[in-house]
Amino acid sequence: MTDAADAAHASGFRLTDSAPERYEQYVAPLMAPFVDALVESADLRPGDTVLDLACGTGFTARLAAARVGPTGRVHGTDVNPEMLRVAVAHRPHLYPDIEFTEAPADQLPHEDGMFDAVLCQQGAQFFPDLAAACAEAARVTRAGGRFTATTWSHLDRSPYFLAQHELVAEYAGEEAADGFVQAFSATAEVMTPALRKAGFHDVTTRVLTLDVTLPPLIDYVPGHLSALPWSTLTGTDALRTAGETFAARFAAHAAPDGSTTLPFTATLTTATR
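Quick summary incoming for the structure in this document. (Residues numbered from 1 in each chain as written. Predicted model: local features only at pLDDT ≥ 70, side-chain atom pairs only at ≥ 80, totals over all residues. Heavy atoms only, no water.)

**Here we look at the sheet that holds strand S6 (residues 201-214)**
Phase 1 of the analysis: If you trace the 7 strands from one edge of the open sheet to the other, you get S3-S2-S1-S4-S5-S7-S6, paired in mixed fashion. Among the strands making up the open sheet, the edge pair consists of strand S3 (99-102) and S6. Each strand of the sheet is rotated relative to its neighbour by a mean of 20°, with strand direction disregarded.
Phase 2 of the analysis: As paired strands, strand S5 (residues 141-152) and strand S7 (residues 260-272) are joined by 7 bridges and run antiparallel to one another. Of the residues in S7, the one forming a bridge with Thr 151 is Thr 267.
Phase 3 of the analysis: This element, helix H5 (residues 130-140), spans strand S1 (49-53), strand S4 (115-121) and S5 of the sheet and lies at about 145° to S5.
Phase 4 of the analysis: Lying over the sheet, helix H6 (residues 159-172) contacts S5, S6 and S7, oriented at roughly 100° with respect to S7. (Pairing = 2+ DSSP bridges. Helix = DSSP H or I, 4+ residues; strand = E, 2+ residues; numbered from the N terminus. Axes fitted to C-alpha atoms, helices over the stretch in contact; angles between N-to-C directions. Contact = heavy atoms within 4.5 Å.)

**Re H5**
Phase 1 of the analysis: By the burial criterion, the buried members of H5 are Leu 130, Ala 133, Cys 134, Glu 136, Ala 137, Ala 138 and Val 140.
Phase 2 of the analysis: On the buried face of H5, the contacting elements are S1, S4, S5 and helix H8 (188-198).
Phase 3 of the analysis: The N-cap residue of H5 is Asp 129: its side-chain oxygen and the backbone nitrogen of Ala 131 are 3.3 Å apart. (Buried < 20%, exposed > 50% of the residue type's maximum accessible area, 1.4 Å probe, protein only. Polar contact = N/O pair within 3.5 Å; in protein donor to acceptor, adjacent residues only side chain to side chain.)

**Here we look at the packing of helix H2 (residues 19-41) against helix H9 (residues 217-225)**
Phase 1 of the analysis: Contact geometry for H2 and H9: axes closest at 8 Å, N-to-C directions at 105°. Taken together, the axes of H2 and H9 lie roughly perpendicular to each other. Along its contact with H2, which presents Tyr 26, Val 27, Pro 29 and Leu 30, the element H9 presents Asp 219, Tyr 220, Gly 223 and His 224.
Phase 2 of the analysis: For the contact of H2 with H9, the per-class residue count stands at 5 nonpolar, 2 polar and 1 charged. (Parallel < 35°, antiparallel > 145°, perpendicular 65-115°, else oblique. Nonpolar A, V, L, I, M, F, W, Y, C, P; charged D, E, K, R; others polar.)

**Things to note about the nonpolar core**
Phase 1 of the analysis: Grouped together as the largest cluster of nonpolar side chains are 55 residues, with contacts concentrated most on Leu 44, Leu 119, Trp 152, Tyr 160 and Phe 264.
Phase 2 of the analysis: Top contributing element to this core by residue count: H2, with 10 residues.
Phase 3 of the analysis: Once residues within four sequence positions are removed from consideration, Tyr 160 is found in contact with Leu 30, Leu 214, Leu 217, Tyr 220, Val 221, His 224, Phe 246, Phe 250, Leu 262 and Phe 264.
Phase 4 of the analysis: In this structure, Phe 115, Ala 133, Val 140 and Ala 198 belong to the second largest nonpolar core, which totals 26 residues. (Core = buried A, V, L, I, M, F, W, Y, C linked by side-chain atoms within 4.5 Å.)

**Section: the pattern of salt bridges**
Phase 1 of the analysis: Under the counting rule described, the total for this entry stands at 10 salt bridges.
Phase 2 of the analysis: In this structure, Glu 40 and Arg 67 form a salt bridge, with 3.4 Å as the shortest nitrogen-oxygen distance. In this pair, Glu 40 is assigned in helix H2 and Arg 67 in helix H3 (residues 59-68), connecting sequence segments 27 residues apart.
Phase 3 of the analysis: The class for Glu 40 is exposed, based on a relative accessible area of 52%.
Phase 4 of the analysis: Assessed through its relative accessible area of 33%, Arg 67 is described here as partly exposed.
Phase 5 of the analysis: Across the salt bridge formed by Arg 85 and Glu 82, the nearest N and O atoms sit 3.0 Å from each other. Of this pair, Arg 85 and Glu 82 both sit in helix H4 (residues 81-90), separated by 3 residues, roughly a single helical turn.
Phase 6 of the analysis: Three or more residues joined by partner-sharing salt bridges are found here, namely Glu 21, Glu 82 and Arg 85. (Salt bridge = Lys/Arg side-chain N within 4 Å of Asp/Glu carboxyl O.)

Right, dumping it as structure tokens:
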């Protein structure tokens with residue numbers, strides 16, 4: 001891996017400076033349908049206590065808070081303090097505040113059996129020790145509680161990501177491209193045995209392909225790439241021209257308002273403690 005890709009993997013996906021704000025701005029529209037599917041699969045109920053594991057800027061925590069209501073509690077943990085700073089800034093105040101805590105996935109500061117549900121949206125592929133993280137998730141989930149996760153999968157079935165991968169390979173080299181592929185490493189074949197070994201049962205996985213409508217690519221693509229730690233394209237001509245390149249590549253999928261709708265594929269994993 002390149003230094004940037006290796007750091008992202010070893011630390012659990014770190015962003016610094018203004019990148020977390022860009023992550024909130026540019027990744028939210030891409031993630032939204034998968035966040036909906038993740039939270040729906042968790043079958044949250046009013047009053048539940050929920051953990052958003054590797055919460056990033058809090059996409060999943062915010063939706064979970066709306067589902068569990070004022071009698072519920074939502075906690076979010078992430079290894080990256082800058083992501084948590086943005087999460088705190090964007091948390092709603094309709095319910096008791098979501099509690100965000102800096103912590104690695106394999107060292108959670110929570111009591112045994114504390115949560116009715118543990119949710120993990122696009123984080124498991126970046127855990128340095130997936131087995132240890134699953135064991136911690138099992139420890140903090142009550143008996144009969146639920147675990148749900150989404151992880152990107154099948155790179156060749158997500159045309160937008162495939163185009164990103166090709167761009168990184170062309171302008172940053174094959175090592176950087178290999179680091180990019182790390183985001184697609186937590187397949188069903190990886191997640192299932194890790195969760196079973198940790199003590200979860202009824203582990204199920206399904207491939208989830210959803211159409212996502214993105215803002216006009218000419219502006220969206222450079223912003224999105226600049227929010228990813230492994231792109232290594234910041235400040236390069238490739239980043240400056242990426243919007244035009246992607247807009248031309250996906251012109252057939254563009255609407256009159258300039259938005260572009262493309263399929264993205266993830267693995268949705270559910271399990272019971």
